[in-house]
Amino acid sequence: MCNPEEAALLRLEEVFSATLARVNSYVLQPLLPAAPEPSDPWGRECLRLLQQLHKSSQQLWEVTEESLHSLQERLRHPDSTSLESLLLLRGADRVLQAHIEYIESYTSCMVVQAFQKAAKRRSEYWRGQRKALRQLLSGVSSEGSVGASPGQALHQPLTHHVQQYVLLLLSLGDTIGEHHPTQELVVNAVTLFGNLQSFMKQALDQAAATQALWHTLRGRPRDVLCTPAHRLLQDSQDVPVTVAPLRAERVLLFDDALVLLQGHNVHTFDLKLVWVDPGQDGCTFHLLTPEEEFSFCAKDSQGQAVWQWKVTQAVRQVLRGKKDFPVLGAGLEPSQPPACRCAEYTFRAEGRLCQATYEGEWCRARPHGKGTLKWPDGRNHVGNFCQGLEHGFGIRLLPQASEDRFDCYKCHWREGSMCGYGICEYSTDEVYKGYFQEGLRHGFGVLESGPQAPQPFRYTGHWERGQRSGYGIEEDGDRGERYIGMWQAGQRHGPGVVVTQAGVCYQGTFQADKTVGKVTFPNGFTLEGSFGSGAGRGLHTQGVLDTAALPPDPSSTCKRQLGVGAFPVESRWQGVYRPFQDFVCAGCPRDLQEALLGFDVQSSRELRRSQDYLCCERTHPEDSVGSMEDILEELLQHREPKALQLYLRKALSNSLHPLGKLLRTLMLTFQATYAGVGANKHLQELAQEEVKQHARELWAAYRGLLRAALQRKGQALEEDEDTETRDLQVHGLVLPLMLPSFYSELFTLYLLLHEREDSFYSQGIANLSLFPDTQLLEFLDVQKHLWPLKDLTLTSNQRYSLVRDKCFLSAIECLQKIMTTVDPREKLEVLERTYGEIEGTVSRVLGREYKLPMDDLLPLLIYVVSRARIQHLGAEIHLIRDMMDPNHTGGLYDFLLTALEELPRHPCSTIRSPLYCKGQGLSCLPSQQSSAEVLLREWVSRS
């Protein structure tokens, strides 16, 4: 059943709909001029505003018609149509928005006096429509006021209509009672339209005050400030205030800007970038802007409170992106504007940011957070900022003189300068990956020329203040030369080693890129004099070439090692170790992880030719191994030996883990030093001690992470390890895990160094392989009772077949497994198992447990080695001995290694063939002093 209030609402909507139609016909349509459009800018602006008002008027009429239709349906079918079907109740927000848009369009026209300007062109029309206007407006009686009344005709019916809405909805709420299902909807509608009344009044008052302001301004200030978007909130002529240090004659607060007038100068400040700081006394407060700071001082505390409150609320309102509703300052005290915001600003003051435009996050008038800086000359910076300076990861693009060429810096920054790890791609196609300090290359880094460079080069090493300084490796692709040594001020200075593709290898002391020394060539020629690498191709020298010298004795040169004493292993790669140490000492903070440990990025040397290049697809550690907190927590859970081994294996194999990152960098330095041109036998010991040092540093890195993890738990790491405990962990745990990363280059050096020995060994194995198995056992003087044929009666062919297939086969297969691993410990275990298989076979033949004496073991070992046919076993043995745990010295492993080392020197291993022996009448009897005795004495002396 319908209420009388519903019928009253129906009549109200009918009247308002008809009024809107008449206003549109008699007022708005005549204000819109016919073509052509006005030629002056102000005329075109007024036309745009009137067209927008016409559009919002049409939308308001459509909403009113829809509301009217819902009321009509309700009155026609009260039993089947509920009260909540009324648009005024179920769609109150939509009705409200249509009213607000109309008011905002109307006040924009009012501010720039669009009605008066349009009315002047239609003065004859208004005189003819005087009667129609009087019907629309109340209080219009004098003939003169009719010409100024179009604006009043556009808002007065709306004001009256909203007032009636509130009254009728209040009455409707009282009629239906508190427990009616639609009571909540009615209360909401009353609240909304009550707030709309207050909002309309404030909007009209602000528009009137703004319109009046233009009459008090002249010249440039009026031309600059008179825009339809401005709404005056406060004028210093009403509430006086002085501004320091800028002595402003007048201060104007608009809803989107703060304006300081100084003669004809207009200083405008976007409220999005204004921060309010309360003053120390009751009459002053401060304003912070991107380039200036002001003190506002009022005559009394009341004036200060008015200004501070209005500026604060205006800032808050502009940051919300819409005007306050219901009215500015209504209700409880609103919250303060956020200190952190997003905005765009172009710097004007002289300095490094002059004319640069920053877009991004701000905090207290300074760029802070993520943002983008763009200069007019094409420079761009995208990244993190802190208190106005580049700080954190950022990408800088610097245009070069050549068209569409850029230098691109993907780096970490600190207080405006590059500091920490970065990747820089230059317009010359050169690429630098390494560390910076105060904008210069500093610390460890790699500089490499482009692949198509006419003089290709690569430097891997240390830098100081932008120049090569300290230990570093330079490879000159043009000359096929590699320098390993010390640098100072960008030049080779101090001890250094040069290796070339031609096999020349020399060590000397350099000064300003030159050295004085003596070079010995493989053919025996010597060159003594001053050497340099000036402009041009090849080696530049002044000296004496001696072609009469004899070739050097291979036995005296094959083991010559260069650089071992010149470059202490502990100090070679401090630029790699130190960033990790600094990171750990700082407690492993997440914000320093990339800056100190570097970041993974798919990087192309070719620069893209657009500003879209300002991006960097970095892979963060948490993408695959979790956050730093997770890494340290997992580390604490894997401290037992077995678990620790699994944890370290996983960490070292992951390039995103701090330990994995460190290992990858060490691999890079190792390859830069010893791969390619650097694969020279005279560098073997240099490489060997470097690998051991890397293992010690990786263990120290793990201990550092463990200490940081415990500190986060409020615990302390046990006392520092002694040398023996550390060496046990390094050789038993870390070295086997990290050696595969260096094995290829390292083993190549061992092959080159022991090439002659391996040649003798291979020839001996080849000679012994010509023996049939039974003949070989007899030739090696293996005791007959140790042969696995003792109780068998076989023909020669059968015996040959059986021995080849069965005799010590398990030991042969076991020894061959020494090539399936690079771990020295596992290789030693293979040797131990081989020894066990030999002894087990003998025990099976004898039918009892039998321990082989050394005189019996050596020939059997020669037999197994000859049949296993392992290539480069000599180099393998030397690598195993150099890399094995020192604690194994004097034990079984040491004994087995010593036995293998003696094989190439065994008298039988150099026999060409048994046929040759028989033909020459040679004896195969052992020498008076057995090889086992020689072996025993050497082993004892080593122990």
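Residues numbered from 1 in each chain as written. Predicted model: local features only at pLDDT ≥ 70, side-chain atom pairs only at ≥ 80, totals over all residues. Heavy atoms only, no water.

1. Structural notes on the overall build of the chain
Then, number 1: From N to C terminus, the chain includes 30 helices and 27 strands.
Then, number 2: Burial analysis of the chain (943 residues in total) assigns 50% to the buried set.
Then, number 3: Long-range contacts, defined here as pairs at least 24 residues apart, represent 54% of the contacts in the chain between residues at least 6 apart.
Then, number 4: In the structure as shown, the chain presents an accessible area of about 44900 Å², 50% of it carried by carbon and sulfur atoms. (Helix = DSSP H or I, 4+ residues; strand = E, 2+ residues; numbered from the N terminus. Buried < 20%, exposed > 50% of the residue type's maximum accessible area, 1.4 Å probe, protein only. Contact = heavy atoms within 4.5 Å. Areas by Shrake-Rupley, 256 points an atom, 1.4 Å probe, with all protein chains shown as cover.)

2. Here we look at the confidence of the model for the chain
Then, number 1: Averaged over every residue, the pLDDT of the chain is 83; residues scoring 70 or more account for 84%.
Then, number 2: Counting interchain partners and residues more than four positions distant, the pLDDT-below-50 stretch residues 603–611 has 28 contacts. (pLDDT = per-residue confidence, 0-100.)

3. Structural notes on unusual backbone geometry
Then, number 1: Across the junction of Ala-244 and Pro-245, the peptide omega takes the value 5°, indicating a cis bond.
Then, number 2: Its location among the elements puts Pro-245 in the loop between strand E2 (241–244) and strand E3 (250–254).
Then, number 3: In this structure, Arg-364 takes a positive phi of about 50° despite not being glycine.
Then, number 4: Position of Arg-364 among the secondary structure elements: in the loop between strand E10 (357–363) and strand E11 (366–374).
Then, number 5: In this structure Arg-364 comes out as partly exposed when scored by relative accessible area, which is 38%.
Then, number 6: Unlike most non-glycine residues, His-872 shows phi in positive territory, near 55°.
Then, number 7: With respect to the helices and strands, the residue His-872 is situated in the loop between helix H26 (854–868) and helix H27 (873–883).

4. Here's the deal with the nonpolar core
Then, number 1: Leu-648, Leu-659, Val-691, Leu-705, Met-738 and Leu-746 are the most contacted members of the largest nonpolar core, which totals 78 residues.
Then, number 2: Sorting elements by how many residues they give to this core places helix H18 (residues 684–712) first, with 13 residues.
Then, number 3: If we skip the residues at most four places from it in the chain, Val-691 touches Phe-670, Leu-735, Met-738, Leu-739, Phe-742, Leu-746 and Met-883.
Then, number 4: The next biggest cluster of nonpolar side chains, apart from the first, holds 72 residues, and it includes Ala-8, Ile-103, Val-111 and Ala-203. (Core = buried A, V, L, I, M, F, W, Y, C linked by side-chain atoms within 4.5 Å.)

5. Here we look at the packing of helix H25 (residues 824–846) against H27
Then, number 1: Interaxial distance between H25 and H27 falls to 9 Å at its minimum, and their mutual angle equals 120°. Here H27 runs oblique to H25, going by the angle between their axes. Classified by chirality, the crossing of H27 by H25 is left-handed. Only Glu-876, Ile-880 and Met-883 of H27 make contact with H25, whose side of the interface consists of Pro-824, Lys-827 and Leu-828. (Axes fitted to C-alpha atoms, helices over the stretch in contact; angles between N-to-C directions. Parallel < 35°, antiparallel > 145°, perpendicular 65-115°, else oblique. Left-handed = near helix turned anticlockwise from the far one by under 90°.)

6. Some points on the sheet that holds E2
Then, number 1: Strand order in the open sheet formed by four strands is E2-E8-E7-E6, with antiparallel pairing between adjacent strands. Each edge of the sheet is formed by a strand with only one pairing partner; in this case those strands are E2 and strand E6 (275–278). In this sheet, neighbouring strand axes are inclined to one another by 25° on average, regardless of whether the strands run parallel or antiparallel.
Then, number 2: In this sheet, strand E8 (residues 293–298) lies alongside strand E7 (residues 284–288) in antiparallel orientation, the contact comprising five bridges. By the bridge assignment for E8, Thr-284 is matched with Cys-297.
Then, number 3: Its contacts with the sheet place helix H11 (residues 301–320) against E2, E6, E7 and E8, and it is angled at close to 25° to E7. (Pairing = 2+ DSSP bridges.)

7. Digging into the pairing of strand E13 (residues 389–399)
Then, number 1: Judged from the six bridges that link them, strand E12 (residues 380–386) and E13 form a sheet pairing that is antiparallel. Each bridged residue has a counterpart across the sheet, and for Val-382 the counterpart in E13 is Ile-395.
Then, number 2: Counting the residues in the hairpin turn of E12 and E13 gives two residues, including Gln-387, whose phi is positive at 50°.
Then, number 3: Note that E13 and strand E14 (residues 406–414) share eight bridges and pair antiparallel.

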